[in-house]
Amino acid sequence: MSEKVLRPEALRPEVAVVVGTRPGIVMFAPIIAHLRKKAGAHFVIHTGQHYSPNMDAQFFSDLELPTPDYRLEGVSEKPTHGGQTAAMLEGVERVLLERKPRLVLVGGDANTNLAGALAARKLGIRVGHVEAGERSYDWCMPEEHNRRIIDHISEYLFTSSPKAGQQLERESVRGEIIETGNPIVDASRAHLDLALRCFGQPDRRDQDTGRPYAVLTTHREENVDDPGRLRGIFTGAARVAEGLDLTVLCLAHPRTLKRLQEFGLEEWVHSLDRVEIRPGSGYLEFLALLSRAALILTDSGGVQQEACIHRIPCVTLRENTEWVETIETGANRLVGTDPDHILAGASEALHARVDWKVPFGDGHAAERIVDYALRVVGEK
Ligand code: UD1
Ligand code: UDP
């Protein structure tokens, strides 16, 4: 007889970790490292949401992670949020039915995490959400739907800051709130020296031009799928380069490269003076570039945090952010995609004080999460 819900006594004392996107691999790298160090029984499921070598394999190699135990097939062919989420939900469920772990860990706000959390929830397996309680309050964003749903179906809510815990309390979540800090801090600290040894730029200047440089990343659906906003971002980047005498180096997500081509903007972008665009890099190269940059321009959640962690002033190409602590500390400013606003924000950022306190924990988040998870799976 097939099982719809697993009986608690059928569950095994191990932790399943669900990854599948670039930021998820970074977030879980220190957690997987601690699970291995403590010989905690675990296995890793890769949903296949991200699959290009520079979005996936390079990260496993840079972060010294073993090959995932399971990798779902066919997910990359699904063109819609629903289709992609459904394929990952079915695939994760198959693995969970085979392995019957007592706890599933997901992290962040991508469809991968919603699928992993939902698959576990439906089977009666407990869910732990890393980076719980973050909100942009922007109901147009798929990430906001995912975060809210995951938080409300999780037993354990591992938060990055007091603000996230307060948000979860206001929403009356049923799970336990555990403030751990964000493992992105752990990953950054653990890999910075190696990154700089491999790719370091000692004088914060572009190696080719000798100019200070800004790093640009953009991949948000609401930005890059809209030709007007996408054009605004690159026009803004060109104004920053010219007006502030910087080189702007864009490490482009595959989605962005595809949209530039589809909208007929590729040639134009390549013609922009002092704006260099190339495919996104692996983690170590990116960390080295980010930590030596004069300025960060981004719509990425992880990159906003990393700019704050490394005390590089940041300009966020969105109207809102989950990471309000970065705004409050003066590390970040929200400018949207209007070129004039981007230039004004960048100019202000370049003169910002960079002595803020990093608000996402002390670099020991992964250890706390792993200790907690191993206690949970050790319970009868
Ligand atoms: C997803 C997450 C987003 C996260 C981002 C991190 C959701 C809803 N969105 O967005 O929250 O910030 O990951 O990078 O889950 N593509 C490739 N190769 C890849 C991955 C993607 O070519 O390895 C291209 C494909 O054309 C794909 C498109 O990018 O259709 C979008 O990929 P998808 O995973 O759906 O969303 P992201 O934009 O990556
Ligand atoms: N990143 C990277 N190479 C790049 C761009 C980003 O290694 O070219 C890393 C970055 O250091 C951060 C993570 O990818 O840890 C952020 O992922 P992304 O911006 O795709 O997603 P988000 O954080 O917005 O969900």
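Data block above holds the structure.
Note that the structure is a prediction, hence the values are computed from the model and not measured.

Participant: When you look at the overall build of the protein in this model, what are you seeing that I'm missing?
Facilitator: Each helix and strand in the protein was counted, giving 16 helices and 13 strands. Here the protein has a C-alpha radius of gyration of 20 Å; the compact-globule value for 380 residues is 21 Å, and the two agree. On the principal axes, the C-alpha backbone points of the protein span a range of 65 × 40 × 40 Å. For the protein, buried positions account for 59% of its 380 residues. Across the protein, every contact between residues at least 6 apart in sequence was considered, and the portion connecting residues at least 24 apart equals 71%. Carbon and sulfur atoms make up 50% of the accessible area of the protein, which amounts to about 15,700 Å² in all. In the protein, the 45 positive side-chain charges and the 55 negative ones have mean positions that sit 5 Å from each other.

Participant: Can you walk me through the site of ligand 1 in this structure?
Facilitator: In the vicinity of ligand 1 there are 19 residues, among which H50, S52, N111, E143 and R255 approach most closely. Contact between ligand 1 and S52: a nitrogen atom at 2.7 Å from a side-chain N or O atom of the residue. Burial of ligand 1 by the surrounding chains reaches 87%, relative to a free accessible area of 750 Å². Where the shell around ligand 1 is concerned, the elements lending two or more residues are helix 3 (81-99), helix 5 (142-152) and helix 10 (254-262).

Participant: How should the environment of E73 be read in this particular structure?
Facilitator: With respect to the helices and strands, E73 occurs in the loop between strand 3 (70-71) and helix 3. In this structure the C-alpha to C-alpha distance between E73 and H46, which are 27 residues apart in sequence, comes to 9.6 Å.

Participant: Explanation requested: the pairing of strand 2 (residues 42-46) in the structure shown.
Facilitator: Moving residue by residue along a regular strand, the side chains alternate between the two faces of the sheet. With respect to burial, strand 2 is a largely interior element, four of its five residues being buried. Here five bridges tie strand 1 (residues 12-19) to strand 2, and the two strands are oriented parallel to one another. The residue of strand 2 that forms the bridge with V18 is I45. By the bridge criterion, two bridges tie strand 2 to strand 3 in an arrangement that is parallel. Across the sheet, I45 pairs through a bridge with Y70, a residue of strand 3.

Conventions we followed
Residues numbered from 1 in each chain as written. Chains lettered and ligands numbered in written order. Predicted model: local features only at pLDDT ≥ 70, side-chain atom pairs only at ≥ 80, totals over all residues. Heavy atoms only, no water. Helix = DSSP H or I, 4+ residues; strand = E, 2+ residues; numbered from the N terminus. Rg over C-alpha atoms; globule rule 2.2 N^0.38 Å. Buried < 20%, exposed > 50% of the residue type's maximum accessible area, 1.4 Å probe, protein only. Contact = heavy atoms within 4.5 Å. Areas by Shrake-Rupley, 256 points an atom, 1.4 Å probe, with all protein chains shown as cover. Lys, Arg positive; Asp, Glu negative; His and termini not counted. Charge placed at Lys NZ, Arg CZ, Asp CG, Glu CD. Near = heavy atom within 4 Å. Polar contact = N/O pair within 3.5 Å; in protein donor to acceptor, adjacent residues only side chain to side chain. Pairing = 2+ DSSP bridges.

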